[in-house]
Every structure is written in structure tokens, then in C-alpha cells.
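Here is what each chain is made of, one letter per residue.
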Amino acid sequence: MQLDPKQALSLWHSVTLAGMTEGQPDLTTRQMAVLLHVYLADPPHTVRGLAAILGISKPAVTRALDRLGDLGFIRRKKDDADKRSILVQRTVAGSVFLREFGDLASRQAETV
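Calculation notes
- Starting afresh in each chain, residues are numbered from 1 along the sequence in its written order.
- Note on the predicted model: pLDDT of at least 70 is required for a residue's local features to be given, and 80 or more for side-chain atom pairs to be given and counted; whole-chain, interface and lining totals, by contrast, use all residues.
- Computation of side-chain values covers all heavy atoms of the structure but excludes hydrogens and water.
- Pairing between two strands is assigned when DSSP locates at least 2 bridges connecting them.
- Comment: elements are numbered from the N terminus, with helices defined as DSSP H or I runs of at least four residues and strands as E runs of at least two.
- Only buried residues count toward a nonpolar core. Its members are Ala, Val, Leu, Ile, Met, Phe, Trp, Tyr and Cys residues joined through side-chain atoms within 4.5 Å.
- Accessible area is worked out with a 1.4 Å probe on protein chains only. A residue is then buried under 20% of its type maximum, exposed over 50%, and partly exposed in between.
- Pairing of aromatic rings covers Phe, Tyr and Trp, the last through its six-membered ring, and needs centres within 6.5 Å; plane angles under 30 degrees mean stacked, over 60 mean edge-to-face, and all others mean tilted.

Student: Whenever I open this one, the pairing of strand 3 (residues 86-90) confuses me. Can you help?
Tutor: Consecutive side chains along a regular strand alternate between the two faces of the sheet. Where strand 1 (residues 45-46) and strand 3 come together, two bridges link them in antiparallel fashion. When the sheet's bridge partners are listed, T46 is paired in strand 3 with L87. By the bridge criterion, five bridges tie strand 2 (residues 74-78) to strand 3 in an arrangement that is antiparallel. Following the sheet pairing, R76 is matched in strand 3 by V88.

As C-alpha cells, then:
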């Protein structure tokens, strides 16, 4: 199904409102982009790698990861192969959140 721009914005709006109604945490666009990349792209993920792929600074990635870590959606681990590098790992809580978010988005798409 191809959405025109108005339909796409309407879908985004309804998903956002439904998430608020269901009490999902407020994530910035940057935080959601980082989270989705960590879960949709094959690991390993590092701060440096995420910054390069997403086209944002390492401090911006770090701030997003701080929030996502506080929510329990990701965890950080020192890279045993490179002590200067931090690996970003998925968590069960993050998987559950994204599954529920995906279900919510799918339900909302049926109304567009």
C-alpha cells in the first residue's frame, strides 16, 4: 500500500497519539532512530559506528543511549577486542517495546 504524504503524516500522528494513550515512553526522533537501528541491523553496534551510520555526532549518540539505557531498552558493554570501544546491545525490554510499538503502528495503519 502506497501512502500519499497526507496519509503518511496522518499515520504518524495516530501512532504517536496511540503511544501516548497507552503510556509508552516519550522518545525523541533521534532516540527512536538509534533504537530501531540497534534492533533492525545486525550487531555489533558501537557508538562510533552508530554515529557514522546515522550521520550524527558521537555525543548525540551517547545522549540517546543514556536515555535508552535508563529505560532498559539497550545496555552497554566494553568490547573485549578493543577496550576503547563500547558495544551497544539489545535487551528483552527493548524487544518488547518495539514489538508493541510495531503492533500499535500496524493497527493504526489499518485505519488510514
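Student: What exactly am I supposed to notice about the nonpolar core here?
Tutor: Note that soluble globular proteins tend to have their nonpolar side chains buried in a common cluster. Grouped together as the largest cluster of nonpolar side chains are 23 residues, with contacts concentrated most on L35, I74 and F97. Elements represented by at least two residues in this core include exactly helix 1 (5-21), helix 2 (29-40), helix 3 (47-54), helix 4 (58-70) and helix 5 (92-109). The element that contributes the greatest number of residues to this core is helix 2, accounting for five residues.

Student: What should I look at first to understand the environment of A33 in this one?
Tutor: Mapped onto the elements of the fold, A33 is located in helix 2. With 57 residues separating them in the primary sequence, A33 and R90 have C-alpha atoms 14 Å apart.

Student: Explain the packing of aromatic side chains here, please?
Tutor: The relative placement of two aromatic rings is captured by the distance of their centres and the angle of their planes. Within the structure shown, the criterion is met by two aromatic pairs. One aromatic cluster is present, formed by F73, F97 and F101 through successive ring pairs.

Student: Explain unusual backbone geometry to me, please; I cannot follow it from the model alone.
Tutor: Of all residues except glycine, most have a negative phi; of all peptide bonds, most are trans. For the bond running from P43 to P44, omega is 10 degrees, close enough to zero to count as cis. Within the secondary structure, P44 is located in the loop between helix 2 and strand 1.

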